[in-house]
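# Residue-level structure breakdown
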Amino acid sequence: RSITLLTDGKRSQNGGTVLSRDGGLMAYASTARNGTDRDIWIRDTRTGTSRALVTAGGSWSAMDFSPDGSRLLVMKYVSAAESYPGVVDVASGKLELFPVDGGKASFGGFAFAPDGKAVYFVSDEALQGKPQEFKTLRYHDPATGKFEVLTAKIPWDVGGFTIADDGRHLAFTTNEDGISRLRVLSLPSHEEIRLPALPIGVIGGLAFSPDGKRLALTMNSATSPSDVHVIDLAAATLARWTQSEVGGLDAATFVAPTLVRYPTFDKVDGAQRTIPAFYYKPSKPSKTGKYPVVINIHGGPEGQSLPTFNPTAQYLANELGVAMLVPNVRGSTGYGKTYLSLDNADKREDSVRDIGALLDWIAKQPELDASRVGVIGGSYGGYMVLASLTHYSDRIRAGVDVVGISHFGTFLKNTESYRRDLRRVEYGDERDPAMNAVFERISPLNNAHKITSPLFVAQGRNDPRVPYTEAEQIVKAVRGNGQPVWYLLYADEGHGFAKKANSDWFGAATMLFWQQHLLND
């Protein structure tokens, strides 16, 4: 039961480990060299020695070792829309970047085929000069020039994939409007095999058994926490291996969301653009005739809210009689390259206008109370909460900002150096006078006088992503308005609350906040 520290134990970021087939080598990403660049390091697991393998600057990830362990596929990440794949010789450290069709593209998984010559990868690279909206699963053999797009007929992003150790099958998932779909291909024919019916939900953790005959996966849904299921590939049968407990609650009472789409302010091809949102509606009738509403906005912004198990939504629905709406505003992943880019740089507040459109939609629903709407979000979602309050305080009763950005300029100045350039690509470069002027105009801190609703700000003192100073300055500014502001600062937390006692306390405080400022007259 002894423990061996593999990295420096200091203020560095380390992760993304990949093992060679025989377990003798481990590659991982680390900021240990200079605190800014995410290099690729390699460790000999037998001798215990580590060395930097790729130090080309930027944010790199290890993807997959060749079967013989002599080469390592790597990826340089620039933004959600831009990555650069390559291969490095493990012995010499020589790095070769692969050409990217169209010059710039997004990439997902990247792995050697069983023969160690060809590769499988996920990308939205242009095909025959034509831009692609979604990331597809692709196969390429450089030696023969053979190239296939294996999911060309699926108009959704491919998520993760994994290849069986025996080289006979490849499993992958697609993200279809937030719902996962699993498919398994025979190798090398790439023919799809028959699978048993799976529960509807979000799939993760794909792994083949060592003999390649079974496939394990985790399945999470709105009404069930994650459980392990195992598929027998030859028999096409499904076995559920775990039954996650839910604290003694009756899972039959849990509310499943419906997917709605509401119109927003702009048009696509002459038709009103719609924004997807998951709608958790209480099963019991409202005592007042209309349900209060909490809008839950995801972070990222290159993220996506999925219909996974959400205990907060269940508590709001079943205990407080509150509906929850979880939108995927413009800039979210999962809906194509164009949608992802709609909030970049000076278009930032267009995503806030999507929240305004959701408030309009709420007002038109006979079962929802437009006079009792709250907003909650974390990280970038925290910015969205603050920005929504600066624009719509007359229509939002209260807001909860968790580790949120209050001023893009101060955020970019104070965030950890390894994050700065990554965030500039998405938000804009504060060193550009024109972009800095946009930040000064739209940042919630400079518009704090417009926040006239009760606010709850929660933050971790050790947050490397969104420094605690972002919380301190917005709390001070809004309190200057004479508005009630609850402020929770954990000295032993970072970007979010990982310790159970802290998370439980925050959850209870949030429910008390809603009871006092959303539900009370």
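Now for a description of the structure that goes with this document. In this text, all values refer to a predicted model and were calculated from it rather than measured experimentally.

### Details of the sheet that holds strand 15 (residues 179–186)
On the basis of which strands lie adjacent, the open sheet formed by three strands has the order 13-14-15 and antiparallel pairing. The sheet is open, and its two borders are formed by strand 13 (157–163) and strand 15, each paired with just one other strand. This sheet shows a mean twist of 20 degrees between the axes of neighbouring strands, independent of strand direction. Where strand 14 (residues 169–176) and strand 15 come together, eight bridges link them in antiparallel fashion. Its bridge partner lying in strand 15, Leu 170 is registered against Leu 185.

### A short note on the pattern of salt bridges
As enumerated under the stated definition, the model contains 18 salt bridges in all. In this structure, Asp 124 and Lys 337 form a salt bridge, with 3.8 Å as the shortest nitrogen-oxygen distance. One end of the pair, Asp 124, is in the loop between strand 10 (119–123) and strand 11 (136–141); the other, Lys 337, is in helix 2 (residues 337–341), with 213 residues separating them in the sequence. When the shortest N-O distance is used, the salt bridge between Glu 148 and Lys 146 registers 3.5 Å. Residue class for Glu 148 comes out partly exposed when judged on its relative accessible area of 25%. By relative accessible area, Lys 146 is classed as partly exposed at 43%. Several salt bridges converge on common partners, so that one network encompasses Asp 266, Arg 273, Arg 330 and Asp 354.

### A word on the environment of Gln 515
Here Gln 515 is to be found in helix 9 (residues 500–519). According to the relative accessible area criterion, Gln 515 is partly exposed, its value standing at 32%. Along the sequence, Gln 515 and Leu 320 sit 195 residues apart, while their C-alpha atoms lie 8.2 Å from each other. Ignoring anything within four residues of it in the chain, the contact list for Gln 515 reads Leu 320 and Asn 520.

### Re the packing of aromatic side chains
For any pair of aromatic rings, geometry is given as the distance between the ring centres together with the angle between the planes. What the rule picks out here adds up to 19 aromatic pairs. Their ring planes at 50 degrees and their centres at 6.4 Å tell us that Phe 107 and Phe 110 sit as a pair that is tilted. A relative accessible area of 9% means that Phe 107 is categorised as buried. Classification of Phe 110 as buried rests on a relative accessible area of 5%. Ring geometry for Tyr 380 and Tyr 383: centres 5.5 Å apart, planes at 35 degrees, overall tilted. With a gap of three residues between them, Tyr 380 and Tyr 383 both fall in helix 4 (residues 380–392), about one helical turn apart.

Quick notes on the rules
- All residue numbers here refer to positions counted from 1 along the written sequence of the relevant chain.
- Predicted model: local features are reported for residues with pLDDT of at least 70 only, side-chain atom pairs are reported and counted for 80 or more only, and whole-chain, interface and lining totals are derived from all residues.
- The side-chain quantities take in all heavy atoms of the structure and omit both hydrogens and water.
- DSSP bridges decide pairing: two strands pair if at least two such bridges lie between them.
- Secondary structure is summarised from DSSP: a helix means a run of H or I of at least four residues, a strand means a run of E of at least two, and numbering begins at the N terminus for each.
- Note on geometry: axes are C-alpha line fits, over the in-contact stretch for helices, and angles between N-to-C directions span 0 to 180 degrees.
- The term salt bridge refers to a side-chain nitrogen of Lys or Arg lying within 4 Å of a carboxyl oxygen of Asp or Glu.
- Here's how the labels work: a residue is buried when its accessible area is under 20% of the maximum for its type, exposed when over 50%, partly exposed in between, all with a 1.4 Å probe on protein chains only.
- What makes two residues a contact is simply this: any of their non-hydrogen atoms within 4.5 Å.
- Classification of ring pairs uses Phe, Tyr and Trp, with its six-membered ring standing for Trp, and accepts pairs whose centres are within 6.5 Å; under 30 degrees between planes counts as stacked, over 60 as edge-to-face, and the remaining range as tilted.

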